[in-house]
Amino acid sequence: MQYQSQIVAKPYFIAAIGLFIGQILFGLILGLQYVVGDFLFPEIPFNVARMVHTNLLIVWLLFGFMGAAYYLIPEETETELYSPKLALGLFWIFLVAGALTVLGYLLVPYSGLAQMTGNDLLPTMGREFLEQPTITKIGIVVVALGFLFNIGMTLLKGRKTTVSLVLMLGLVGLAVMFLFSFYNPVNLVHDKFFWWWVVHLWVEGVWELIMASILAFVLIKVTGVDREVIEKWLYVIIAMALITGIIGTGHHYYWIGAPEYWQWWGSVFSALEPIPFFMMTVFAFNMVNRRRRNHPNKAAMLWALGTAVMAFLGAGVWGFLHTLAPVNYYTHGTQITAAHGHMAFYGAYVMIVLTMISYAMPMMRGRAAANSNKSQVLEMWSFWLMTVSMVFITLFLTAAGVLQVWLQRYSDAPQAFMVVQDKIALFYWMREAAGVVFLIGLVLYVLSFFVGSKEPEAVQS
Amino acid sequence: MSGTFTKSMARNIFYGGSVFFILVFLALTFDTVKALPKLDNRGELTPQVALGKKVWEDNNCIGCHTLLGEGAYFAPELGNVYTRRGPDFIRTWMQIQPTGAPGRRQMPQFNLNDEELDAIVAFLKYSSEINTANWPPNIEG
Ligand code: HEM
Ligand code: HEM
Ligand SMILES: [Fe+2]
């Protein structure tokens, strides 16, 4: 660690991992409810477990992004963080607000939570991913503003590198697009149209800036390739991301009451969205091949290459699969969507956060550059278990989705939703089994922080 | 990437490209908002439909169902349930939940009063009449 204040990233990373575990446990509950419909009913209905699963995902990724920024910005700007105290204060506010919100989901019926938190005054609840009570949303904005102020001030007083500017731009974009979560008109078409300004313009817009800049940072560190080269790549990648991704939003406007020209705009531009993800893959492998040093942290290198590949598969390939309007007409809102959502989120955003944690955590825990071999070997096992099981989750859901489309949407004698769900239950069982393997991988991941701590650090080979 | 393509060229493509496509997107958005009155069935947006949307949101129906194909994939599409089942079925359905059938996916009892039941039916009727370019492909959603 080159700057003392980078250490504030540590609680953020620990919280991220803790919430990640919670997310996966609720994922397993959901997966079981798919096949054993009355599991935990009425204590935890499916919709409640789903909110916990998806909201924990978003919140822990936000913890991860913030932690990544607190670590990266001082090092890039070559100056201490503007206010480590503010960073710690916001950490606790965010953690407590997040915990209270999840407890609210679990302990109070949702309509009661809406009432208690004054949803009548400014109704924003009850929309997918944006289920948080309005006061929680306001809390998120306050934390985001404090966070942006803190790293913004750091950036102003220090060296301004491309990596840090792009990260800052992505984080500002994240906060700005979130403001659309407060816009909830009665007109359902308006509501849906602008809902995607949060969801799509996050994952296929500004978050790509965050991902690409973190990847660039880690690659500079572990490969020692010249910064000029890496930053040139970074600009080209994020240029392609926004050029394709902004109008690519149109792939969500085919069937929600918007004009039909979106079928053209959406199909053409979103079909190009895999390009930036493909470039990230080429970029990562290229830089590693041209490396000027062999960094002892092999696990971090593995995560960096892994995220580049898996983001391309999940977002690029699985996204392309259902993005053209004539295909999406049949696949819209099926298990195909769920398959893509899982691999894309995992490949791009889960893995980029784990890349940063893998790179930074050893230093924050007193190592010079890397963990012991023993710890790294376990971490790499967890990488493979989680990644391979996520591939299988995706494949099983894709199979379920293809059958669902066939039986319910495409055939001459379409069958009812619930009838079809029964017929494809086998694939849901296999998804659940793959989910258990994912959990085992995650447990090994956590263990990797506790084994081999007393052994000597891995050395450059 | 070759030496003639410099970092500042890459940066200019990023800023220029982004600004250009943001402007195109805003123009399309503007045009969409202008075209929507013909498509979004706003003639039916009564106070009752507004209440229905509120009931829909306050009970997190989207946490199990899709509405016009968006939401969760655990339970049937409801954008066209009004056409598939009709108002009486929907009212009764809401009142007899949960079925309690062992092993079957369960829907909670939301204890809606008559006004709320009428409102949710009105909201689902309004949703079913939005012009969705012929989606879903058939009545099963
Ligand atoms: C890392 C980037 C991405 C992430 C995290 C992601 C995630 C998701 C998620 C969670 C959904 C479901 C939203 C909902 O609940 O309604 C979704 C839908 C969709 N995504 Fe992505 N996505 C990414 C990139 C892409 C790309 C690059 C493409 C196209 C090439 C794409 C195409 C689609 C389409 C067409 C849908 C709508 C599916 C439907 O009609 O049901 N996505 N995405
Ligand atoms: C043990 C592993 C997991 C299981 C069994 C699981 C299961 C599920 C289930 C059943 C749903 C609800 C689908 C529906 O609406 O009907 C869901 C939604 C979702 N999960 Fe997972 N999940 C797991 C891991 C993950 C991971 C690791 C991620 C993130 C990388 C993730 C991200 C999501 C997202 C984004 C959604 C919403 C998808 C959409 O709207 O299309 N899940 N999950
Ligand atoms: Fe999208």
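Above this text sits the structure in question.
How each quantity is defined
- Residues numbered from 1 in each chain as written.
- Chains lettered and ligands numbered in written order.
- Predicted model: local features only at pLDDT ≥ 70, side-chain atom pairs only at ≥ 80, totals over all residues.
- Heavy atoms only, no water.
- Contact = heavy atoms within 4.5 Å.
- Buried area = accessible area lost by both parts, 1.4 Å probe.
- Salt bridge = Lys/Arg side-chain N within 4 Å of Asp/Glu carboxyl O.
- Nonpolar A, V, L, I, M, F, W, Y, C, P; charged D, E, K, R; others polar.
- Donors = N, O, S within 2.8 Å, 3.2 Å for Na, K, Ca; no water.
- Tetrahedral: all angles 85-135°; square planar, octahedral: opposite > 155°, others 65-115°.
- Helix = DSSP H or I, 4+ residues; strand = E, 2+ residues; numbered from the N terminus.
- Buried < 20%, exposed > 50% of the residue type's maximum accessible area, 1.4 Å probe, protein only.
- Near = heavy atom within 4 Å.
- Polar contact = N/O pair within 3.5 Å; in protein donor to acceptor, adjacent residues only side chain to side chain.

Asker: Kindly report on the interface of chain A and chain B, identifying the contributing residues and their values.
Answerer: With 85 residues of chain A at the interface, the matching set in chain B holds 72 residues. In terms of surface lost to chain B, no three residues of chain A exceed Leu188(A), Lys232(A) and Tyr235(A), which account for 10% of the buried area on that side. Inspection of the region where chain A meets chain B yields five salt bridges. Across the side of chain A that touches chain B, the residue classes break down as 49 nonpolar, 23 polar and 13 charged.

Asker: Account for the coordination of the iron ion (ligand 3), with residues named and values stated.
Answerer: In a perfect tetrahedron of four donors around a metal, the angles come out at 109.5 degrees. In a perfect octahedron of six, they are 90 or 180 degrees. All names here are of chain A. With distances of 2.1 to 2.2 Å, the protein atoms coordinating the iron ion (ligand 3) are His200 (ND1), Glu204 (OE), His251 (NE2) and His252 (NE2). For the iron ion (ligand 3), the four donor atoms are set out with angles of 82 to 149° between them, so the coordination reads as irregular. Expressed as a motif, the donor residue spacing for the iron ion (ligand 3) is H-x3-E-x46-H-H. The iron atom of ligand 1 is placed at 4.3 Å from the iron ion (ligand 3). With a gap of 47 residues between them, Glu204 in helix H7 (residues 188–223) and His251 in the loop between helix H8 (227–248) and helix H9 (262–271) connect regions that are remote in the sequence. You'll find Glu204 and His251 in the same group, each marked buried.

Asker: Lay out the site of ligand 2 in plain terms, naming residues and giving numbers.
Answerer: Lining the immediate surroundings of ligand 2 are 29 residues, of which Tyr34(A), Arg50(A), His53(A), His342(A) and Tyr73(B) lie closest. Proximal residues around ligand 2 fall on chains A and B, making this an inter-chain site. A distance of 2.5 Å is found between an oxygen atom of ligand 2 and a side-chain nitrogen or oxygen belonging to Tyr34(A). The contact in question runs from a nitrogen atom of ligand 2 to an N or O atom on the side chain of His342(A), over 2.8 Å.

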